[in-house]
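One letter stands for each residue in the lines below.
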Amino acid sequence: MGGTSQGDFYEGINFAGAYKAPAIFVVQNNQFAISVPVEKQTAAKTLAQKAVAAGIEGIQVDGMDVLAVYAATKEARERAVNGEGPTLIETLTYRYGPHTMAGDDPTRYRTEDMTTEWEKKDPIVRFRKFLEEKGLWSEEQENEVIEKAKEEIKAAIKKTDEQPKQKVTDLINNMYEELPAHLQEQLEEYKAKESK
Amino acid sequence: MAQMTMIQAITDALRVELKNDENVLVYGEDVGQNGGVFRATEGLQDEFGEDRVFDTPLAESGIAGISIGLATQGFRPVPEIQFFGFVYEAMDAINGQMARLRYRSGNTVSMPVTIRSPFGGGGVHTPELHADSLEGLIAQQPGMKVVIPSGPYDAKGLLIQSIRDNDPVVFLEHMKLYRSFREEVPEDDYTIELGKANVVREGKDVTLVAYGAMVHSALKAAEDLEKDDIDAEVIDLRTVMPVDFETIIKSVEKTNRMVMIQEAQRQAGIASYVVSNVQERAILHLEAPILTVAAPDTVYAFTQAEEVWLPNYNDIIEKVNKVMHF
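These figures come from a predicted structure and were not determined experimentally.

> Is there a simple way to explain the UniProt feature "domain: Dehydrogenase E1 component" (unreviewed entry) in chain A in this structure?
The sites that carry the UniProt feature "domain: Dehydrogenase E1 component" (unreviewed entry) are, in the present numbering, residues 2–168 of chain A. A helix fraction of 49% and a strand fraction of 13% characterise residues 2–168 of chain A, whose end C-alpha atoms lie 34 Å from each other.

Structure, rendered in structure tokens:
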């Protein structure tokens, strides 16, 4: 959400509009840029309306409604592939946790009540209810999916842990297609250090 | 006198200047009720109100840009760039505009802006564009001053002086130093002159020049070098633009040897600037080439390689031994 206050954001949607780019801009409006609320970011009533000045389509959707987000994105995609230009989608949503695990404390800038209100709209709960009522989903199926996801995460973490530790020589080798002489010297220097 | 961490000394300096001068304004992302991501502005909005200490939209070019307008209208802005890697967004406002207004106006417009920003690695393991040492980008722009304190006492005195300075200052706070140690810091106001280095350890055999967190690596190296009968002098630049060459030359004339230490990558940058000036002014006093300790010329390393990538104590010892036995 905070990113829409950056000048680059306006330049990006303006370029996309000018070139009728097949682009979709998704603005995840979770109400805060760390601690600063959307009302202090902009006087605009919605973020979607920023599309108007760029001359592109803009739509605000309930970001806690899976199907609404799907419908808006599908329409935007069709517009893009048909050469009708870009779309900006603002999804209204919420960040339950802190911005980072490195010291952000949401109790300094928002209330429990606010969080409770958003929890009532939780997209997973709502979509589950919807599917269950249609007879398309059950607890067993859900548990199966959860277990499978846990296994996948575990496997991914294991694979990551098995990767060799990053070395300074790797960083040096990633800097240019062909290493300039000064970096070649530094590469030798760090090779010697790393082999110790 | 009170024992303070560097972050407390910085908050204290801001409080002193907000009290002293009603034109001082403090603003940036999350600096209001949240007190800043490192709590540098903790409690200041409650004490001085939302007109003096306030949150801005998330836009660094805007934060630096409004500072220019405010400064021309008699305010003394102290904006914060949340992490110095984000300064790229504000480079036109700073180097392209703020730095040039005095010159453009024929020396009739002052630009009393102090941009505070955390930077530096090895303390907080941050993602990309948070810990980079980008002081060289600003130091290369004529019209700008760049101040980098190495501890709580200096941070308070230098920040107050920076705020009172009528030219734009980028004041860089090394994240590793924020809470790593405490120092005696006077509670009233005091200033430390900009552009003056500090001899933090006297010695006769070799001069170690450093700034920011590297001052502490240099001091540790100096202590251990004593065991090998090498008596190192350590100079803390405090201000990397302008540089106090007088203090460095005086030291080199005594020691005849020098090692330049910076956390930033080696290419271009502060170290090259200092070394070129020292050799121009003191070549006949040197018994060995001046060697440089710096990070390798890559993009800032991710956490896994950070400790190896950052210049450290061992690199300093190695370079000192080289200049001693040249």
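> What am I meant to see in the sheet that holds strand β5 (residues 87–92) of chain A here?
Strands in a sheet are paired, the pairing made by backbone hydrogen bonds, and the direction either parallel or antiparallel. Residues and elements named next belong to chain A. If you trace the three strands from one edge of the open sheet to the other, you get β1-β5-β4, paired in parallel fashion. Every interior strand has two partners, whereas the edge strands, β1 (24–29) and β4 (57–62), have only one. Averaged over neighbouring strand pairs, the angle between their axes works out to 20° when direction is ignored. By the bridge criterion, six bridges tie β1 to β5 in an arrangement that is parallel. Across the sheet, residue Ile24 finds its bridge partner in β5, namely Thr87. Against the sheet, helix α4 (residues 66–81) touches β1, β4 and β5, its axis set at about 165° to β4.

> Is there a simple way to think about the domain arrangement of chain A in this case?
By a widely used convention, the size of an interface equals the accessible area lost when the partners come together. Partitioning chain A into structural domains gives domain 1 (2–121), domain 2 (123–163) and domain 3 (165–196). Averaged C-alpha coordinates put domain 2 of chain A and domain 3 of chain A at centres separated by 42 Å.

> Whenever I open this one, helix α9 (residues 181–194) of chain A confuses me. Can you help?
In this model α9 of chain A runs 20 Å from its N-terminal to its C-terminal C-alpha over 14 residues, within 8% of the 20 Å that 1.5 Å per residue would give. Buried residues of α9 of chain A: Leu183, Gln186, Leu187 and Tyr190 of chain A, and no others. The buried side chains of α9 of chain A occupy one side of the element, clustering within an arc of 110° when seen end-on. Counted as exposed and oriented over 90 degrees from the buried face of α9 of chain A: Ala181 and Glu185 of chain A. The inward-facing, buried residues of α9 of chain A abut α8 (168–173) of chain A together with β14 (291–295) and α11 (303–309) of chain B.

> What is the right way to look at the nonpolar core in this model?
Residue and element names in this part refer to chain B. If you look at the biggest cluster of nonpolar residues, it comprises 48 residues, and the most contacted ones within it are Ile10, Leu14, Leu18, Leu159, Tyr178 and Trp309. Sort the elements by how many residues they give to this core and helix α1 (residues 6–20) lands first, with eight residues. Not counting chain neighbours up to four residues away, the residues in contact with Ile10 comprise Ala40, Arg116, Ala155, Leu159, Glu173 and Tyr178. Core analysis: the second largest hydrophobic core is formed by 47 residues, Leu134, Ile138, Ala197 and Ile270 among them.

> Would you take a moment to explain the sheet that holds strand β13 (residues 258–265) of chain B for this structure?
Residues and elements named next belong to chain B. The mixed open sheet is built from five strands, whose spatial order is β9-β11-β10-β13-β14. If you trace the sheet from one side to the other, it starts and ends with β9 (198–201) and β14, each paired once. Here the strands of the sheet are splayed against their neighbours by 25° on average, with no regard to which way each runs. The strands that helix α8 (residues 214–225) touches are β9, β10 (206–210), β11 (232–236) and β13; relative to β11, the one it contacts most, it runs at about 170°. Its contacts with the sheet put helix α12 (residues 313–324) on β10, β13 and β14, and the angle it makes with β14 is roughly 165°.

Here is what the cut-offs are and how they apply
- Residues numbered from 1 in each chain as written.
- Chains lettered and ligands numbered in written order.
- Predicted model: local features only at pLDDT ≥ 70, side-chain atom pairs only at ≥ 80, totals over all residues.
- Heavy atoms only, no water.
- UniProt positions renumbered as here; feature names shortened; annotations may be inferred.
- Helix = DSSP H or I, 4+ residues; strand = E, 2+ residues; numbered from the N terminus.
- Pairing = 2+ DSSP bridges.
- Axes fitted to C-alpha atoms, helices over the stretch in contact; angles between N-to-C directions.
- Contact = heavy atoms within 4.5 Å.
- Domains from an automatic or database assignment.
- Expected span 1.5 Å × (residues − 1).
- Buried < 20%, exposed > 50% of the residue type's maximum accessible area, 1.4 Å probe, protein only.
- Arc of directions from axis to C-beta.
- Core = buried A, V, L, I, M, F, W, Y, C linked by side-chain atoms within 4.5 Å.

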